[in-house]
Amino acid sequence: MKQVCCVSILLLYGASIIFAQGSASTDPLAPTRDTKSAVEIDREWQQSVVKYDGERKRLLAEAEKQANDGPYRPDWGSLMKYQQPQWYKDAKFGIFIHWGVYSVAAAESEWYPRNMYRPDEGAYKNFREHFAKGDESKGYKDLIPLFRAEHFDAAAWAKVFKESGAQYVVPVAEHHDGFSMYDSGLSDWTVVKMGPKRDTLGELAKAVRAEGLHFGLSSHRAEHNFFYDGGRVIRSDVNDPKYAGLYGPAHQWFEAGGDDHSLINDWTWVSDAWTRDWLARDTELVEKYKPEIVYFDWWIGQPNFRGAVAEFASFYYNYAAAHGYTGVINFKDYSLNWKAAVRDFERGQQDRIIADHWQTDTSISDKSWGYIENDTFKSPEFLVHQLVDIVSKNGNLLLNFGPKSDGTIPDEIRTALLEMGAWLKVNGEAIYGTTPWKTFGEGPTKVVGGAFHDTDTKAYTTEDFRFTAKGSTVYAIGMACPADGKGAIHTLGTGSGSGHEGASLTVTSVELLGSTQKVEWSQTGDALEVTLPAGAACKYGYALKLTPK
């Protein structure tokens, strides 16, 4: 009787397992956060890309070989010897492009793919209303066929970039959404195999270089490890292993805590398979497109990435050197050692001159990095002033815009870029190829240093000036146009004991860039006083070329 009972129990137990498995298999949309372990979830993602194991293995072998063949090694002592190329320090101004499937919805922001799986977010409601229409099986994958890029013209884009005065262009190769905007040999979910079915990144690289501009690219794939985790707690296609190649492992994101929100406090589960795949994909990007800049978003600072990041940096720097150029890596926060690459401050500026050349990335639009309807935009005047301030403090401006899903540039963006270009045609001598002077500037308008403060700066006044230098020549850039044509630069007063940074600078001539007319000026103990020529053009500010004795 006891044996029969045990057999019955085993049969019932086995039946329950079969039933549970059957239930899971018949409902691929069922939530999985509490039913599958991180290892199981990661294994499903690994299985979804297993057919690319051979190519991934080849790329990793190449990365390891090149990382140890050249002037650098994958250790921070070696990487800290890195020197930025002169062209990058001279360039001052670049274009950043956020374009992808997320532009189809044209709502919320480029984080639409994440938020559309979070019921408390507007993107969730937007997707349900405009795209899902009651069908729970619908998800981000269903936006891909709507991303057609039918009006994308790489040559036309590149011409606008050239006219804007930008010197380098950095399109996003892959954002957090996991859709490759390039011809990847490691994924089914690419712009070549789906949607537009063309290598938009390759086309853009060719067009940008044809205009004489430098080409870079950005990878935001690291964050894809957790990006769709909201889909794990609701009925959604994120739970279906069939789509793991697009949605990735979607591990639960344990966002960094603590007072400083340092990524050292991020406990998100990251597998070795994920960091190796990340390394392989970035190696592929370098091999295929030979970018002069590789921009990374912040999450490569997550502790599990540290070894892969060092290996990529060594591989990339050595690869670039072997191919006749010096690569640039842009990073945020503490993702890399500050000496090993170029530090980038997202939507930020500095309140002083920084010795190591740095960069700000910000967007022309205010609400999103990608295209959304009803966005608002920074004025050309604001953008010119931001560029001038950043350059005076030893930085570059990487200015972003989001194209429409059909591949067109919004009118507001085009206008802003062309207006910046018009100003730079007149005043670019005071920007390109310059270095900081003894002091960045003077005036009452204060800039808040650090990330996410770029719009905190109030409008500049006629008393605000910024300085740059080129050899012994000094440029003084007036940040506002004086109604009476007069300006006083107190930093350049020569008064004994005045404490002015420029007290030792004896000026012998003053020229207004873009004008052949004479500038009336005098250098007193209190200031360098100037009177601009009558009718002189002064849009968004003016630049004076000062020749010292």
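Residues numbered from 1 in each chain as written. Predicted model: local features only at pLDDT ≥ 70, side-chain atom pairs only at ≥ 80, totals over all residues. Heavy atoms only, no water.

Caption draft 1: Looking closely at the overall build of the protein chain. Broken down by element type, the protein chain carries 15 helices and 16 strands. For a compact globule of 549 residues, the expected C-alpha radius of gyration is about 24 Å, and the protein chain comes in at 27 Å, within 12% of that figure. Relative to all contacts within the protein chain whose residues are 6 or more apart in sequence, the contacts with residues 24 or more apart total 73%. When the accessible surface of the protein chain is split by element, carbon and sulfur atoms take 53% of a total near 22600 Å². For the protein chain, the distance from the average position of its 58 positive side-chain charges to the average position of its 73 negative side-chain charges is 3 Å. (Helix = DSSP H or I, 4+ residues; strand = E, 2+ residues; numbered from the N terminus. Rg over C-alpha atoms; globule rule 2.2 N^0.38 Å. Contact = heavy atoms within 4.5 Å. Areas by Shrake-Rupley, 256 points an atom, 1.4 Å probe, with all protein chains shown as cover. Lys, Arg positive; Asp, Glu negative; His and termini not counted. Charge placed at Lys NZ, Arg CZ, Asp CG, Glu CD.)

Caption draft 2: Quick look at the layout of surface pockets. The space that makes up the second largest pocket amounts to roughly 360 Å³. Together, 19 residues line the second largest pocket, and Q84, W338, A341, D356 and H357 are the ones closest to its centre. Residue contributions to the lining of the second largest pocket peak at three residues, all from strand β6 (residues 342-346). (1 Å grid on protein atoms, 1.4 Å probe; cavity = no way out; pocket = protein on both sides within 12 Å on 5 of 7 lines; lining within 4 Å. Points joined across faces, edges and corners; volume = space filled by probe spheres on them.)

Caption draft 3: View of the sheet that holds strand β13 (residues 507-512). Pairing in this open sheet of five strands is antiparallel, and the strands run β9-β10-β11-β16-β13 from one edge to the other. The open sheet has two edge strands with one neighbour each: β9 (441-442) and β13. Across five bridges, the pairing between β13 and strand β16 (residues 542-548) is antiparallel. Looking at the pairing, S509 lines up with T547 of β16. (Pairing = 2+ DSSP bridges.)

Caption draft 4: Representation of empty space enclosed by the protein in the model. With the rule as written, the count across this model stands at four cavities of 30 Å³ or more. Within this model, the largest cavity holds a volume of roughly 80 Å³. What lines the largest cavity is I97, W99, F152, W157, P171, V172, M181, T200, L201 and L204. Sorting the residues of the lining of the largest cavity by element identifies β2 (168-174) and α10 (200-210) as the ones contributing at least two each. In terms of residue count, the dominant contributor to the lining of the largest cavity is α10 (three residues). Taken together, the residues of the lining of the largest cavity sort by class into nine nonpolar, one polar and no charged. In this structure, the second largest cavity spans a volume of roughly 50 Å³. (Nonpolar A, V, L, I, M, F, W, Y, C, P; charged D, E, K, R; others polar.)

Caption draft 5: Region of the structure containing the pattern of salt bridges. A complete count under the given rule lists 29 salt bridges for this structure. Of the charged contacts in the structure, one is a salt bridge between R235 and D27, with a shortest N-O distance of 2.8 Å. One end of the pair, R235, is in the loop between β3 (214-219) and α11 (244-247); the other, D27, is in the loop between α1 (2-26) and α2 (38-48), with 208 residues separating them in the sequence. A residue is classified by how much of its surface remains accessible, and R235, at 33% relative accessible area, is partly exposed. (Salt bridge = Lys/Arg side-chain N within 4 Å of Asp/Glu carboxyl O. Buried < 20%, exposed > 50% of the residue type's maximum accessible area, 1.4 Å probe, protein only.)

Caption draft 6: Spotlight on the sheet that holds strand β12 (residues 486-489). The strand order across the open sheet formed by three strands is β12-β15-β14, and the pairing between neighbours is antiparallel. If you trace the sheet from one side to the other, it starts and ends with β12 and β14 (520-523), each paired once. Strand-to-strand twist in this sheet, taken as the mean axis angle between neighbours without regard to direction, amounts to 10°. (Axes fitted to C-alpha atoms, helices over the stretch in contact; angles between N-to-C directions.)

Caption draft 7: Expanded view of helix α8 (residues 122-132). A123, N126, F127, R128 and A132 are the residues of α8 that are buried. Looking at the buried positions of α8, the neighbouring elements they touch are α6 (102-105) and α7 (112-115). Just past α8, the residue K133 takes up positive phi, approximately 50°.

Caption draft 8: Spatial organisation of the state of the cysteines. Enumeration over the complete set of coordinates arrives at one disulfide. There is a disulfide in this structure between C481 and C538, and the S-S distance comes to 2.1 Å. Between C481 and C538, the S-S torsion sits near -95°, and that sign places the bridge as left-handed. Residue C481 is found in the loop between β11 (473-478) and β12, and its partner C538 is found in the loop between β15 (528-531) and β16; the two are separated by 57 residues along the sequence. (Disulfide = S-S within 2.5 Å.)

Caption draft 9: Spotlight on the packing of helix α9 (residues 154-164) against α10. Running from N to C, α9 and α10 cross one another at 45°; their axes reach a closest spacing of 8 Å. Of the possible angle classes, the one that applies to α9 and α10 is oblique. Where α9 crosses over α10, the handedness of that crossing is right-handed. Across the interface between the two elements, A154, A155, W157, A158 and F161 of α9 pack against E203, L204, A207 and V208 of α10. Of the residues contributing to the contact of α9 with α10, the split by class is eight nonpolar, no polar and one charged. (Parallel < 35°, antiparallel > 145°, perpendicular 65-115°, else oblique. Left-handed = near helix turned anticlockwise from the far one by under 90°.)

Caption draft 10: Main features of unusual backbone geometry. Backbone geometry at R347 places phi at a positive 45°, although glycine is not the residue there. Its place among the elements puts R347 in the loop between β6 and β7 (358-363). A positive phi is found at Y540, a non-glycine position, where the angle reads about 75°. Here Y540 shows up in the loop between β15 and β16. Residue Y540 is classed as buried on the basis of its relative accessible area of 15%.

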